[in-house]
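This is what each chain is made of:
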Amino acid sequence: GMDGYVAKPINTQLLTLEIDRVLELLPMAATATPTAPARPDDLDIGEVMERLGGDAALFDELMGMLLADSPSRLADMAAALSRQDAHGLAQAAHSLAGSAANLSALALCQLARQMERAARDLDWRAAQAVLPELQAALVRLGDAAAALRL
């Protein structure tokens, strides 16, 4: 299902507010860490632009899709985690990891892969710990993409 919505074109402030709103509905939202400043591994712009043949409009479109879709994937992960649904959790994490990898969103990809491993290992404590980190990485990614203004 869909727990939130942000209309295109994506506005990172509205996206952040919507992510926060959706995650507040989840039991683990109280453990979320404050947003940290962007890190070098949040987005490898050189790599992604090389992959996209330097097409800034395509980058903006794909990043907008990732940022628009990710809150529902995080909500899916949280719901699967609350049900201890390893398959659903791994599937949502795998999907997010693939999308993040396509855009060289390295930190988000790494965290999504950690979530996928935790699900496959039935390590619910580790999965619970990764969820707020994923949220923070997504917010940093949105900020990094907005700062590029490609």
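Here the structure is a predicted model, which means the values were calculated and not measured.

The rules behind the values
- Residues numbered from 1 in each chain as written.
- Predicted model: local features only at pLDDT ≥ 70, side-chain atom pairs only at ≥ 80, totals over all residues.
- Heavy atoms only, no water.
- Core = buried A, V, L, I, M, F, W, Y, C linked by side-chain atoms within 4.5 Å.
- Buried < 20%, exposed > 50% of the residue type's maximum accessible area, 1.4 Å probe, protein only.
- Helix = DSSP H or I, 4+ residues; strand = E, 2+ residues; numbered from the N terminus.
- Contact = heavy atoms within 4.5 Å.
- Polar contact = N/O pair within 3.5 Å; in protein donor to acceptor, adjacent residues only side chain to side chain.
- Axes fitted to C-alpha atoms, helices over the stretch in contact; angles between N-to-C directions.
- Parallel < 35°, antiparallel > 145°, perpendicular 65-115°, else oblique.
- Left-handed = near helix turned anticlockwise from the far one by under 90°.
- Nonpolar A, V, L, I, M, F, W, Y, C, P; charged D, E, K, R; others polar.
- Expected span 1.5 Å × (residues − 1).
- pLDDT = per-residue confidence, 0-100.

*Asks:* It is not clear to me how the nonpolar core should be interpreted in this structure. Could you clarify?
*Replies:* Here is a general trend for soluble globular proteins: nonpolar side chains tend to be buried in one another's company. Membership of the largest hydrophobic core comes to 42 residues, with the highest contact counts inside it found for M63, M77, L89, L108, M115 and L134. Secondary-structure elements contributing two or more residues to this core are α1 (12-24), α2 (45-51), α3 (56-83), α4 (86-102), α5 (106-120) and α6 (124-148). Residues contacting M77, with those up to four places away along its chain left out, are L89, A92, A93, L96, M115, L131 and L134.

*Asks:* I'm lost on the environment of D55 in this one. Help?
*Replies:* Residue position: D55 is located in the loop between α2 and α3. For D55, a relative accessible area of 35% gives the class partly exposed. In terms of polar contacts, D55 uses its side chain to reach the backbone amide nitrogen of L58, at 2.9 Å.

*Asks:* Would you mind going over the packing of α5 against α6 with me for this structure?
*Replies:* How two helices sit against one another is set out by the angle between their axes and by the gap between those axes. Contact pair α5 / α6: the axes reach a minimum separation of 9 Å and the direction vectors enclose 160°. When the axis of α5 is compared with that of α6, the two are roughly antiparallel. As for the relative orientation of α5 and α6, their crossing is left-handed in sense. On α6, the residues that touch A107, L108, L111, A112, Q114, M115 and A118 of α5 are A126, A127, V130, L131, E133, L134, A137, L138, R140 and L141. Looking at side-chain class alone, the contact of α5 with α6 contains 14 nonpolar, one polar and two charged residues.

*Asks:* Help me understand α5 in this model?
*Replies:* Because an α-helix completes one turn every 3.6 residues, residues spaced three or four positions apart along the sequence face the same direction. If you check α5, its first and last C-alpha atoms are 21 Å apart, about what 15 residues at 1.5 Å a residue would give, namely 21 Å. Listed in full, the buried residues belonging to α5 are A107, L108, C109, L111, A112, M115, E116, A118 and A119. In the core, the buried residues of α5 are packed alongside α3, α4 and α6. One or two residues past the end of α5 sits L122, with phi positive at roughly 55°.

*Asks:* Would you explain the environment of A119 in this entry?
*Replies:* As for its position among the elements, A119 is in helix α5. Judged by relative accessible area, which is 0%, A119 ranks as buried. The sequence separation of A119 and A80 amounts to 39 residues, and the corresponding C-alpha distance is 9.6 Å. Setting aside chain neighbours within four positions, we find A119 in contact with A86, L89 and A90.

*Asks:* For this particular structure, what's the right way to read the confidence of the model for the protein chain?
*Replies:* It should be kept in mind that the predicted coordinates are not to be read in detail where pLDDT is low. On average, residues of the protein chain score 84 in pLDDT, and 79% of them reach the 70 mark or higher. With pLDDT under 50 throughout, residues 28-35 is counted as low confidence; its partners more than four residues away or in other chains account for 13 contacts.

*Asks:* Help me out: how do you make sense of the side chain of D42 in this one?
*Replies:* With respect to the helices and strands, the residue D42 is situated in the loop between α1 and α2. For D42, a relative accessible area of 2% gives the class buried. Polar side-chain contacts of D42 include one of 3.0 Å to the side chain of R140. Residue contacts for D42: discarding those within four places in its chain leaves S104, A105, L106, A107, R140 and L141.

*Asks:* Please explain unusual backbone geometry as it appears in this structure.
*Replies:* When glycine is set aside, most residues are seen to have a negative phi, and most peptide bonds are trans. A positive phi angle, near 55°, is found at Q84, a position not held by glycine. Tracing the chain through its elements places Q84 in the loop between α3 and α4.

*Asks:* How should the environment of L17 be read in this particular structure?
*Replies:* Looking at where L17 falls in the secondary structure, it is placed in helix α1. Along the backbone, L17 and V139 are 122 residues apart, and their C-alpha atoms lie at a distance of 9.8 Å.

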